[in-house]
Amino acid sequence: MITLHHAAQSRSFRILWFLHEADIPHRLERHSFGGKALRSPEFLAISPAGRVPALEIDGRVLFESGAILEYLSETRAPAFGRAPGHAERGDFLEWLHYGETIAQHLAQLTFQQVVLRPDQRSLTVLKLETLRLSRTLDGVAKAMDDGRENLLPGGFSAVDCMVGSSLMIARRFIALDGWPVLTAWHDRLIARPGYRAALAQDGPPELYQRDFYPLPQA
Ligand SMILES: N[C@@H](CCC(=O)N[C@@H](CS)C(=O)NCC(=O)O)C(=O)O
């Protein structure tokens, strides 16, 4: 049985969502960001930086969400991947990694808005990271401007889980109103049975208590 090391509202949701989309049986090992469990020798033996997701599969452990999605699509759900030689292979790899280009700004904004106390926050960092996040969303919107239904024109794939999960968190910091194609894509994604099943399994909030975190006033 595949085991997903998971924390609610985190990057491991990318994997949880994919497992449901591809109908792959799995069990969850739930983790919390509170306390020091992610820094225990036992967990560091699974994930060297003490991060989620990590996936126990085929007699080994895989970490890094992009690598996990690539491995799962190659070994368990080829229709949701783009194998070498496929016309969309290059785009698939680009978007798979682009999920982290978006997520680096989400991590900064989460740290500022959720982890730090109000008096520790930097308005400069918050404004800059919000702007830089919006630039990454511009990139997705530009690609989807041709009317495609999914991030790859050929159909739903692992990159919808990768980038789509980042989009779900991005909208806690930026309203999507300015990007109608992203709003429409978001609405299609959350209507998917696989997404709904993953959300039901995600667990109680680990990070975000609010739907939206506005920029604090100066
Ligand atoms: N590039 C990694 C990043 C993993 C990562 O940073 N995960 C966060 C949750 S979203 C984490 O485990 N943070 C715990 C910590 O920093 O202690 C991936 O995509 O899997």
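These lines cover the structure that appears in this document, whether it is placed above or below. For every chain, the first residue of the written sequence is number 1, and numbering continues from 1 along that sequence. Reporting of local features is limited, given that this is a predicted model, to residues whose pLDDT is at least 70; pairs of side-chain atoms are given and counted only at 80 or more, and all residues count toward the totals for whole chains, interfaces and linings. Calculated side-chain values reflect all of the structure's heavy atoms, with hydrogen atoms and water omitted.

Some thoughts on the environment of S166
Looking at the element boundaries, S166 is found in helix α6 (residues 158-170). Each C-alpha atom of the pair S166 and H5 lies 19 Å from the other, and the pair is 161 residues apart in sequence. Apart from residues lying up to four places away in sequence, S166 is in contact with R14, G99, I102, A103 and L106. Helix and strand definitions here come from DSSP, where helices need a minimum of 4 consecutive H or I residues and strands a minimum of 2 consecutive E residues; each element is numbered from the N-terminal end. Here a residue-residue contact requires only that any non-hydrogen atoms of the pair lie within 4.5 Å.

Some words on the packing of aromatic side chains
We call Phe, Tyr and Trp rings a pair once their centres come within 6.5 Å, taking the six-membered ring for Trp, and we label the pair stacked below 30 degrees between planes, edge-to-face above 60, and tilted otherwise. Enumeration according to the criterion identifies ten aromatic pairs in this entry. Judged by centre distance (6.4 Å) and plane angle (50°), the rings of W17 and F156 are tilted. Taken as a pair, W17 in helix α1 (residues 12-21) and F156 in the loop between α5 (123-144) and α6 lie far apart in primary sequence, 139 residues in all. Each member of the pair, W17 together with F156, is buried. Between F173 and Y213 the ring centres are 5.9 Å apart and the planes differ by 35°, which places this aromatic pair in the tilted class. With F173 in the loop between α6 and α7 (180-190) and Y213 in the segment after α8 (193-202), this pair connects stretches of sequence that are 40 residues apart. Any residue under 20% of the maximum accessible area for its type is buried, any over 50% is exposed, and the rest in between are partly exposed; the area is computed with a 1.4 Å probe on protein chains only. On the basis of relative accessible area, F173 is assigned to the buried category, the value being 6%.

Some words on the pairing of strand β2 (residues 26-30)
The pairing criterion for strands is at least two bridges between them, as found by DSSP. Strand direction decides the pairing type here: strand β1 (residues 2-6) and β2, joined by five bridges, are parallel. The partner of H5 across the bridge, within β2, is E29. Following the chain from β1 across α1 to the adjacent parallel β2, one finds a crossover that is right-handed. Crossover handedness is defined by viewing with both strands directed away from the observer: a clockwise path from the first strand over the helix to the second marks the crossover as right-handed.

Concerning the site of the ligand
Taken together, S10, R11, R14, F33, R39, R51, V52, P53, E64, S65 and E100 make up the full set of residues adjacent to the ligand. Under this definition, polar contacts are N or O atom pairs within 3.5 Å; protein pairs additionally need one hydrogen-donor-capable and one acceptor-capable atom, and for neighbouring residues in sequence, both atoms have to be side-chain atoms. Interatomic distance of 2.7 Å between a side-chain N/O atom of E64 and a nitrogen atom of the ligand. At a separation of 2.8 Å, a nitrogen atom of the ligand approaches a polar side-chain atom of E100. Working definition of accessibility: Shrake-Rupley area with a 1.4 Å probe, residue cover restricted to the visible protein chains. Surface burial for the ligand is 81%, taken as the share of its 520 Å² of free accessible area covered by protein chains. Amino acid classes used here: Ala, Val, Leu, Ile, Met, Phe, Trp, Tyr, Cys and Pro are nonpolar; Asp, Glu, Lys and Arg are charged; the rest, including Gly, are polar. When its residues are assigned to classes, the shell around the ligand shows three nonpolar, two polar and six charged. The near set for a molecule or strand comprises every residue that places at least one heavy atom within 4 Å of it.

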